[in-house]
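Report on the structure
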Amino acid sequence: MAEVLKRRLVWFGGFPAHYMGEFHRKLEGRHNDVFFIYVPLGRAGRAFEHEQVELPSRHLLLPKEHRWLVAWRWLCQMDPQAVLIAGNFPRV
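Okay, so let's go over this structure. (Residues numbered from 1 in each chain as written. Predicted model: local features only at pLDDT ≥ 70, side-chain atom pairs only at ≥ 80, totals over all residues. Heavy atoms only, no water.)

All right, on to helix α1 (residues 18–30) then. With 13 residues, α1 should cover 18 Å at 1.5 Å per step; its first-to-last C-alpha distance of 19 Å lies within 8% of that length. Where the residues of α1 are buried, they touch β1 (9–14) and β2 (34–39). (Helix = DSSP H or I, 4+ residues; strand = E, 2+ residues; numbered from the N terminus. Expected span 1.5 Å × (residues − 1). Contact = heavy atoms within 4.5 Å.)

Structural data, given as structure tokens:
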């Protein structure tokens, strides 16, 4: 795993819909210390097959296999001050 910078806030949630993707990019543009971790949903890892979302540059889309372990490793390396768990699906 590549070296990960410490982050102040980690946003943890399901793959975003188009309107949330735009919000995440704007949030990232204003705050350098935010990082997004997305839980894959659906067949292609998207919330809905029709959603085309431009994700923020600082994000991780968890793999379907071993996502629990991958999530905890990233969180431990980033050592965030806060983790925001968004939505009703990110069961990780």
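What follows is about the pattern of salt bridges. Tallied over the full model, the rule gives 3 salt bridges. Taking the shortest distance from any N to any O, the salt bridge between R8 and D33 comes out at 3.8 Å. Taken together, the positions of R8 in the segment before β1 and D33 in the loop between α1 and β2 put the pair 25 residues apart, joining distant regions of the chain. A residue is classified by how much of its surface remains accessible, and D33, at 28% relative accessible area, is partly exposed. The closest approach of N and O atoms between K26 and E22, which form a salt bridge, is 3.3 Å. Placement of both K26 and E22 in helix α1 is noted, with a separation of 4 residues, approximately one turn of the helix. (Salt bridge = Lys/Arg side-chain N within 4 Å of Asp/Glu carboxyl O. Buried < 20%, exposed > 50% of the residue type's maximum accessible area, 1.4 Å probe, protein only.)

Structural measurements only, silent on function.
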